Structures are given as structure tokens and as C-alpha cells.
Amino acid sequence: MHNTDKLKRILHKENLRYTQQRQEVWDEICASDEHQDAEGIYNSLRKRQVNVSRATVYRTIDVLVKNNLVRRLNLDDGRSRFENKTGIEHHDHIVCLDCRKIIEFMDGTIEKMQTRIAKEQGFEIVRHVHQLFGRCLDEKCPNK
Ligand SMILES: [Zn+2]
Ligand SMILES: [Zn+2]
């Protein structure tokens with residue numbers, strides 16, 4: 001399904017009007033692979049001269065998360081990050097505690113291991129969150 005159709009469908013379901021501003025919020029999340037927080041998404045839109053209010057950005061993100069188009073990442077620092085959840089491969093995240101850089105990874109061995117462990121415990125996995133927190137070895141990272 002096209003991105004616009006997905007958005008229209010969930011807005012309709014939520015009794016919200018389809019607007020260009022809401023489309024821009026969804027487009028911004030789809031276009032970015034930076035795991036931005038809500039303020040970052042708002043700033044990116046303003047930088048692109050999109051005339052949208054902060055309230056619309058936050059509200060639209062909530063609707064997108066609620067309807068499974070967007071994933072909310074909780075990185076234990078009180079700032080939720082967001083990423084497109086549709087049409088992208090499953091992946092997990094490594095987070096640098098110093099510069100908050102987020103790296104995506106997918107490892108078949110870990111995935112299989114999780115499935116095996118769950119099975120041994122009498123579970124079938126529906127979803128999982130796997131996050132690694134560490135310090136990146138990048139020279140440009142602060143606190144080096
Ligand atoms: Zn770092
Ligand atoms: Zn990601």
C-alpha cells in the first residue's frame with residue numbers, strides 16, 4: 001500500500017482529517033533513518049519550510065505510533081525516538097551512551113537463539129526489543 005493510503009486509512013479510523021501537514025510528518029519519518037525524537041522531527045520540518053505546529057507534529061506521531069505505522073524507541077533517557085515501522089526489515093539497536101548515536105543491526109544467530117529460548121520456555125515470540133547500550137569507539141564521540 002502506498003504511504004499516503006496508509007496514512008489516510010488510519011486518520012479515517014481515528015476520525016481525523018487528512019491534511020498536508022500530517023502527510024509531511026509521516027513523510028519525514030519515512031525519509032529519515034536517524035531515529036529522531038519529536039522535537040527533531042518538528043525542527044526538520046520547519047527547516048524545510050513546512051508550516052506545521054508543534055502540537056500537530058506530536059499529535060500525528062502519537063496517532064502513527066498507536067496504529068503501528070511508527071515505532072517508538074525508549075532508550076531510557078526520557079526522549080522517545082521514532083522510526084518507520086512499515087516495509088522495513090526487522091532490526092535491533094545499539095546505542096552510544098555518550099553521543100546517543102544509534103546503530104541498527106540484525107543477526108540471524110541471535111534471532112534464532114531467541115526463538116529457541118522462548119520455545120524452551122513454552123513461548124512463541126510475538127515481538128521482541130533488543131537494545132545494547134555502550135560507548136562507541138568513534139574518535140569524534142565526546143567524552144573520549
Ligand atoms: Zn559515541
Ligand atoms: Zn532502527
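Structure: above.
Residues numbered from 1 in each chain as written. Chains lettered and ligands numbered in written order. Predicted model: local features only at pLDDT ≥ 70, side-chain atom pairs only at ≥ 80, totals over all residues.

A look at the packing of helix α2 (residues 20-31) against helix α4 (residues 54-66)
Spelled out, the test is: An axis is simply a line fitted to the C-alpha atoms; with a helix, the fit covers only the stretch in contact. Between two such axes, the angle follows the N-to-C directions and lies from 0 to 180 degrees. For helices the rule is a DSSP run of H or I covering at least 4 residues; for strands it is a run of E covering at least 2, with both sets numbered from the N terminus onward. In this scheme the crossing of two helices becomes right-handed for a clockwise turn of the near helix relative to the far one and left-handed for an anticlockwise turn of less than a right angle. Contacts are defined on C-beta atoms placed from the backbone: any two residues whose C-beta positions lie within 7 Å are in contact. When residue character is reported, Ala, Val, Leu, Ile, Met, Phe, Trp, Tyr, Cys and Pro are called nonpolar, Asp, Glu, Lys and Arg charged, and the others, Gly included, polar.
Direction vectors running N to C along α2 and α4 enclose 65 degrees, while the axes themselves pass 10 Å from each other. Judged by the twist between their axes, the crossing of α2 over α4 is right-handed. Facing Gln 21, Arg 22, Val 25, Trp 26 and Ile 29 of α2, the residues of α4 in contact are Thr 56, Val 57, Thr 60, Ile 61 and Leu 64. Here the residues of the contact of α2 with α4 are counted per class, giving six nonpolar, three polar and one charged.

A look at the environment of Ile 103
Under the convention used in this document: Put plainly, a residue is buried at 20 or more neighbouring C-beta atoms within 10 Å of its own, exposed at 12 or fewer, and partly exposed in between, counting only other residues' C-beta atoms, which are placed from the backbone.
Turning to its location among the elements, Ile 103 is positioned in strand β4 (residues 102-105). Of the residues examined, Ile 103 has 14 C-beta atoms within 10 Å and is grouped as partly exposed. Considered as a pair, Ile 103 and Leu 64 are 39 residues apart in the sequence and their alpha carbons are 23 Å apart.

Points about the sheet that holds strand β5 (residues 131-134)
Short version of the rule: Being paired, for any two strands, means DSSP has found at least two bridges between them.
Spatially, β4-β3-β5 is the arrangement adopted by the three strands of the open sheet, whose pairing is mixed. With partners counted over all chains shown, the strands left at the sheet margins are β4 and β5, one partner each. If you compare each strand with its neighbour and ignore which way they point, the axes differ by 20 degrees on average. Strand direction decides the pairing type here: strand β3 (residues 92-96) and β5, joined by four bridges, are parallel. Counted as the bridge partner of Ile 94 is Leu 132 from β5.

Observations regarding the pairing of β4
Each regular strand carries side chains that alternate between the two faces of the sheet. Looking at chain direction, β3 and β4 are connected through four bridges and run antiparallel. Its bridge partner lying in β4, Val 95 is registered against Ile 102. Between the antiparallel neighbours β3 and β4 lie five residues, among them Arg 100 with a positive phi of about 65 degrees.

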